[in-house]
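The primary structure of each chain is shown beneath.
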Amino acid sequence: MTRRETDLQTVADIRARLFALADPAYGDFQAGLMPGIPRERIIGVRVPHLRALAKELRGTPTADAFLAELPHIYYEENNLHGFLLDSIRDFDACLAATERFLPYIDSWATCDGTSPRALILKPDVLLAHVDAWLASDRTYTVRFGIETLMRHFLDARFLTAYPDAVAALRSDAYYINMMIAWYFATALAKQYDAILPYIENRRLDKWTHNKTIQKAVESYRITDAQKAYLRTLKIK
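Criteria and thresholds
- Residues numbered from 1 in each chain as written.
- Predicted model: local features only at pLDDT ≥ 70, side-chain atom pairs only at ≥ 80, totals over all residues.
- Heavy atoms only, no water.
- Helix = DSSP H or I, 4+ residues; strand = E, 2+ residues; numbered from the N terminus.
- Phe/Tyr/Trp six-rings, centres within 6.5 Å; stacked < 30°, edge-to-face > 60°.
- Buried < 20%, exposed > 50% of the residue type's maximum accessible area, 1.4 Å probe, protein only.
- Lys NZ or Arg CZ within 6 Å of the ring centre and 35° of its normal.
- Contact = heavy atoms within 4.5 Å.
- 1 Å grid on protein atoms, 1.4 Å probe; cavity = no way out; pocket = protein on both sides within 12 Å on 5 of 7 lines; lining within 4 Å.
- Points joined across faces, edges and corners; volume = space filled by probe spheres on them.
- Nonpolar A, V, L, I, M, F, W, Y, C, P; charged D, E, K, R; others polar.
- Arc of directions from axis to C-beta.
- Expected span 1.5 Å × (residues − 1).
- Polar contact = N/O pair within 3.5 Å; in protein donor to acceptor, adjacent residues only side chain to side chain.
- Axes fitted to C-alpha atoms, helices over the stretch in contact; angles between N-to-C directions.
- Parallel < 35°, antiparallel > 145°, perpendicular 65-115°, else oblique.
- Left-handed = near helix turned anticlockwise from the far one by under 90°.

1. Some thoughts on unusual backbone geometry
With glycine set apart, most residues show a phi of negative sign, and most peptide bonds adopt trans.
Consideration 1: Residue L70 is joined to P71 through a cis peptide bond whose omega torsion reads 0 degrees.
Consideration 2: Here P71 shows up in the loop between α4 (61-68) and α5 (75-85).

Spelled out as structure tokens, the structure:
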């Protein structure tokens, strides 16, 4: 059997494992959350099962073969792929694997579930790639870039250059604008004084501005006084 045949067999074995874990009712529920993904591409595997499978496969030749096999057919295969990226501990290998996967992400859930920890080992190098991701014409590549800034650059590494870059984005894509709102709501919770002027000065488009305020007001990390003031800044 050739290496290619072995790899294909490996992917087929993983797919069979996923179908063995299928819950059709859960698949119907997931399909309702992701209108852009055809129902026939959703197996119906719950996230804890996917994470357990990723943990089982971590560091094995089977995982390597699966990560090399793109594009995948099923939504859960993409999610498993994203979880497996977290097992790559070398920065350069992790970044290369992430770059290779980004064009194939086609749902918010896969995007948000892909968070390889090794990427932050070289934050300066990562930021250069974030700039490229924000400039992409692919919805989920842009979303991943914003999410990377939210996850890794709102605490000790925070600089106002990062919210400047996010505030400058303009898109008709719902899943980009929702992530911008999520970013700024989280930023208000972590860097309130630095981020408030972005809301006071209306640096975002109207929908994203108001969605940011809504999400911030819903957050337990924002004080009641801050919430009261943010409500006064809503654009009518």
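2. Here's the deal with the packing of aromatic side chains
Consideration 1: Enumeration according to the criterion identifies nine aromatic pairs in this entry.
Consideration 2: Both rings, one in F153 and one in Y162, keep their centres 5.4 Å apart while their planes meet at 65 degrees; by these two values the pair is edge-to-face. Residues F153 and Y162 agree in their burial class; the two are buried.
Consideration 3: Measuring from centroid to centroid gives 5.1 Å for Y183 and F184, while their planes differ by 85 degrees, and the two rings are edge-to-face. Like Y183, the residue F184 is buried in the burial classification.
Consideration 4: Directly above the aromatic system of F83 lies the positively charged group of R51, at a separation of 4.1 Å from the ring centroid.

3. Things to note about the side chain of S107
Consideration 1: With respect to the secondary-structure elements, S107 resides in the loop between α6 (91-101) and α7 (108-113).
Consideration 2: Since its relative accessible area comes to 2%, S107 is described here as buried.
Consideration 3: Beyond its immediate sequence surroundings of up to four residues, S107 is in contact with M34, I37, Y75 and Y140.

4. Considerations on empty space enclosed by the protein
One way to see where empty space is left: roll a probe the size of a water molecule over the atoms.
Consideration 1: Under the criterion given, the structure shown has one cavity of 30 Å³ or more.
Consideration 2: One number sums up the size of the largest cavity: a volume of about 50 Å³.
Consideration 3: Surrounding the largest cavity, S115, P116, L119, L126, F144, E147, T148, R151 and H152 form its lining.
Consideration 4: At five residues, helix α9 (residues 139-152) tops the list of elements feeding residues into the lining of the largest cavity.
Consideration 5: In the lining of the largest cavity, the residues fall into four nonpolar, three polar and two charged.

5. Some details on helix α12 (residues 192-200)
Consideration 1: Within the span of α12, buried status applies to Y192, I195, L196, Y198 and I199. Looking straight down α12, one finds that the buried residues subtend no more than 155 degrees of arc, so they occupy a single side.
Consideration 2: Those residues of α12 that are buried are in contact with α10 (161-167), α11 (174-190), α13 (206-217) and α14 (224-232).
Consideration 3: Of the residues one or two after α12, R202 is the one with positive phi, at around 55 degrees.

6. Some points on α13
Since one α-helical turn is 3.6 residues long, residues separated by three or four positions face the same way.
Consideration 1: In a regular helix each residue adds 1.5 Å, so 12 residues correspond to 16 Å; α13 covers 17 Å between its end C-alpha atoms and thus fits that length.
Consideration 2: Within α13 the residues assigned to the buried category are T208, H209, N210, K211, T212, I213, A216 and V217.
Consideration 3: In this fold, the buried residues of α13 make contact with α11, α12 and α14.
Consideration 4: N-cap assignment for α13: the residue whose side-chain oxygen lies 3.1 Å from the backbone N of W207 is D205.

7. Some details on the packing of α12 against α14
Consideration 1: For the pair α12 and α14, interaxial distance at closest approach is 11 Å and the crossing angle is 15 degrees. As judged from the angle between their axes, α12 and α14 are roughly parallel. You can see that α12 and α14 cross each other, and the crossing is right-handed. Two secondary-structure elements touch here, α12 through Y192, L196, I199 and E200 and α14 through Q226, Y229 and L230.

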